[in-house]
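A look at the structure
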Amino acid sequence: MNRSAGSAERDAQQELESLGYKQELRRSVSTADLLIYGLIFMLPIAPWAIFGTVYNASEGMVPLVYLIGLIAMIFTALAYGQMAKSIPLAGSVFSYVGRGIHPNAGFFAGWAILLDYLLVPTLLYVFAAESMVGIFPGTPRWLWALIFVAINTVINLSGVSSIKIMNRVFLAVELAFIVIFVVIAVTALNNGTVPGAELTMEPLWDPEKVSGPLIAAALSIAVLSFLGFDGISTMSEESTGGRSSAGKAMVGALIIVASCFILQTWLASALAGGRDSFSDDEVGNAFFTVVEAASSSGWATAFFAVNVVAVGIANAMAAQAATSRLLYSMSRDRQLPAFLNRINGRRVPQNAILLVSGISAVLVLFFVGQIDLISSLVNFGALFGFMLLHLSVIGLYVVRRKSRNYLLHLAVPITGFLIIGYVLFNANTEAKVGGLAWLAIGACVFLYYRATGRKTELSAEDAAPADLADERKA
């Protein structure tokens, strides 16, 4: 067993060297670890915080929103899996687009998704700080945000082993509370505890309410909810599970977390008792109100506390780890300042982690109370990067490698590109303006590096030639 693991690690290291890099990050993350990391990043209890908002926007069909989201994002997960199999680098979209299309396109893909990765921790800290003020009225939001930033920085600097342990602990707690909620909901529905509450198929499909605009709105909400599975690819250089490890973990994490979303929101929608919507005063804590109505205020408080810790620590910890790996990879390819690719004694990108922490600490001071704006900007960065990702699959496999697997390498990326493009086209004005401004800043950075003679150096652009024959046969 140890010999096999050692052999797999040597193979992975040789593969990394064939791409022009040396093994610097600690390779100790199994496929199961990647799966757990992805689940923590997407947060199985994510619907708790936004249940009321999604309920109002979807006219009570919250489970349908998440089902649509799963269908939409599975195409992007498959595209990620194909690129991760051939290009197992920490740079994720930056590396995939750089080798699938062109290094220049890779820079802009990395720069775009950097907007997502830099703002996601900020968004999570703002969410958590708002919740802590609800628990401790009168306390400053910025103080709670900085406490969460400090906790996650210490964990990430402690190394991958610390992250793995914390991920397992938090996932166990979250899954335990999902089970508790299911028991509470089923008991309440059977006993008639909540007046008018009953489990029907209407939250999944109500033909009288379903319309094109509603599905389009639901798709935008759902895409934001599923962001995070792509962070799995940033751990590729630390994986011990082989080429297909990241792809399997992404698809698996998407399906598992979507199942959790659909189950919880179906039961919560039933407990809503057929109401048309939640009022402005209720919408922010709608899920916890439902739990309280079905059980007691004690359980509602416990669920609220778990949600705060999961968002402020577990979820933000995973986001910070992914962001630091992206910065590390872009710096290593001389697209960002060199100090960001320095590794500490625990073999993690220390300076990149500290920079993410510093940026988050500053941004939370400006974005407190502006959750909608942050969410919009996060969406733009991720969606723009995803569109280029889909093109990179076609560029690497169909154009350059002449793959005949037209389902995975042509149909899937084209479908994914159209879905993501539709959502991006229909994004709100603030997201488009902010996103384009970010790309304009990126263009200035790009031109500066070109003017100073820097450019991406890819040692083996057509990565993983060993599987070329297999792709052509497929």
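Worth saying up front: this structure is predicted, and the values here are computed from it rather than measured.

Our focus in this paragraph is the overall build of the protein chain. Helices and strands together make up the secondary structure of the protein chain, namely 17 helices and zero strands. Each principal axis of the C-alpha atoms in the protein chain carries an extent, and together these give about 65 × 50 × 50 Å. Considering the protein chain as a whole, with its 474 residues, one finds that 56% of them fall into the buried category. The long-range share in the protein chain, meaning contacts at least 24 apart out of those at least 6 apart in sequence, stands at 83%. Here the protein chain has roughly 18600 Å² of accessible surface; of this, 63% comes from carbon and sulfur atoms. Between the averaged position of the 30 positive side-chain charges in the protein chain and that of its 31 negative side-chain charges there is a distance of 15 Å.

What follows deals with a nonpolar patch on the surface. On the surface, a cluster of nonpolar side chains totalling about 720 Å² of accessible area is made up of Trp142, Leu143, Leu146, Ile147, Ile151, Val362, Leu365 and Phe366. Of all the secondary structure elements, the ones that give two or more residues to the nonpolar patch are α7 (141-157) and α13 (350-367). If one sorts the elements of the nonpolar patch by residue count, α7 sits on top with five residues. On the secondary structure map, phenylalanine 366 appears in helix α13.

A separate point is the confidence of the model for the protein chain. Mean pLDDT over the protein chain works out to 85, with 90% of the residues at or above the 70 mark. Predicted confidence in the protein chain is weakest over helix α17 (residues 468-473), with a mean pLDDT of 41, and strongest over helix α8 (residues 160-191), with 94. Confidence drops under pLDDT 50 across residues 459-474; counting only partners more than four residues distant or on other chains, this segment forms 39 contacts.

Moving on: the packing of α8 against helix α10 (residues 245-271). Put simply, α8 and α10 touch, their axes get as near as 10 Å, and they point 30° apart. Judged on the interaxial angle alone, α10 and α8 are roughly parallel. Crossing angle aside, the handedness with which α8 passes α10 is left-handed. Every residue of α10 that contacts α8 at Ile178, Phe181, Val182, Ala185, Ala188 and Leu189 is listed here: Cys260, Leu263, Gln264, Leu267, Ala268, Ala270 and Leu271. For the contact of α8 with α10, the per-class residue count stands at 12 nonpolar, one polar and no charged.

Here the focus is helix α3 (residues 47-57). Regarding α3, the residues found buried are Pro47, Trp48, Phe51, Gly52, Val54 and Tyr55. Remark: glutamate 59 follows α3 within two positions and exhibits a positive phi of approximately 55°.

Moving on to the side chain of serine 392. Positionally, serine 392 belongs in helix α14 (residues 371-400). In this structure serine 392 comes out as buried when scored by relative accessible area, which is 0%. Apart from the residues lying within four places of it in its own chain, the contact partners of serine 392 are Met83, Tyr96, Val97, Gly100 and Ile101.

Moving on, we come to unusual backbone geometry. Even without a glycine there, the phi angle at leucine 43 is positive, about 70°. Tracing the backbone shows leucine 43 in the loop between α2 (31-42) and α3. A relative accessible area of 3% means that leucine 43 is categorised as buried. In this structure, glutamate 59 is a non-glycine residue whose phi angle is positive, near 55°. As for its position among the elements, glutamate 59 is in the loop between α3 and α4 (62-86).

Per the stated rule, a full pass over the model turns up one cavity of 30 Å³ or more. Roughly 40 Å³ of internal volume is contained in the largest cavity. Going through the elements one at a time, α2 and α8 are the ones with two or more residues in the lining of the largest cavity. In terms of residue count, α8 provides more of the lining of the largest cavity than any other element does, four residues in total. Residues belonging to the lining of the largest cavity are distributed by class as follows: five nonpolar, one polar and two charged.

A few words on the side chain of serine 131. Tracing the backbone shows serine 131 in helix α6 (residues 103-135). Given a relative accessible area of 15%, serine 131 falls into the buried group. Once residues lying within four places of it in the same chain are set aside, the contact partners of serine 131 are Phe304 and Val308.

What follows is about the packing of aromatic side chains. Applying the stated criterion across every chain yields a total of 31 aromatic pairs. Both rings, one in phenylalanine 51 and one in tyrosine 55, keep their centres 5.6 Å apart while their planes meet at 50°; by these two values the pair is tilted. Of the two residues, phenylalanine 51 and tyrosine 55 are both situated in helix α3; the distance of four residues between them amounts to about one turn of the helix. Note on phenylalanine 107 and tryptophan 111: the rings are 6.0 Å apart at their centroids and 20° apart in plane angle, and the pair reads as stacked.

Taken as a whole and assessed by the stated rule, the structure comprises five salt bridges. Between aspartate 33 and lysine 164 there is a salt bridge, with its nearest N and O atoms 3.6 Å apart. Here the residue aspartate 33 occupies a position in helix α2, and lysine 164 occupies one in helix α8, the gap between them amounting to 131 residues. Here aspartate 33 falls in the buried class, since its relative accessible area comes to 6%. A single salt-bridge network, built from bridges that share partners, covers Asp33, Lys164 and Arg168.

With that out of the way, let us pick up the layout of surface pockets. The volume enclosed by the second largest pocket comes to roughly 290 Å³. Forming the walls of the second largest pocket are 18 residues, and the residues nearest its centre are Thr200, Glu202, Pro203, Ser269 and Gly274. For the lining of the second largest pocket, the per-class residue count stands at five nonpolar, six polar and seven charged.

Scoring rules and cut-offs
- Residues numbered from 1 in each chain as written.
- Predicted model: local features only at pLDDT ≥ 70, side-chain atom pairs only at ≥ 80, totals over all residues.
- Heavy atoms only, no water.
- Helix = DSSP H or I, 4+ residues; strand = E, 2+ residues; numbered from the N terminus.
- Buried < 20%, exposed > 50% of the residue type's maximum accessible area, 1.4 Å probe, protein only.
- Contact = heavy atoms within 4.5 Å.
- Areas by Shrake-Rupley, 256 points an atom, 1.4 Å probe, with all protein chains shown as cover.
- Lys, Arg positive; Asp, Glu negative; His and termini not counted.
- Charge placed at Lys NZ, Arg CZ, Asp CG, Glu CD.
- Patch = residues over 30% accessible without salt bridge, like charges linked within 9 Å, V, L, I, M, F, W, Y side chains within 5 Å.
- Salt bridge = Lys/Arg side-chain N within 4 Å of Asp/Glu carboxyl O.
- pLDDT = per-residue confidence, 0-100.
- Axes fitted to C-alpha atoms, helices over the stretch in contact; angles between N-to-C directions.
- Parallel < 35°, antiparallel > 145°, perpendicular 65-115°, else oblique.
- Left-handed = near helix turned anticlockwise from the far one by under 90°.
- Nonpolar A, V, L, I, M, F, W, Y, C, P; charged D, E, K, R; others polar.
- 1 Å grid on protein atoms, 1.4 Å probe; cavity = no way out; pocket = protein on both sides within 12 Å on 5 of 7 lines; lining within 4 Å.
- Points joined across faces, edges and corners; volume = space filled by probe spheres on them.
- Phe/Tyr/Trp six-rings, centres within 6.5 Å; stacked < 30°, edge-to-face > 60°.

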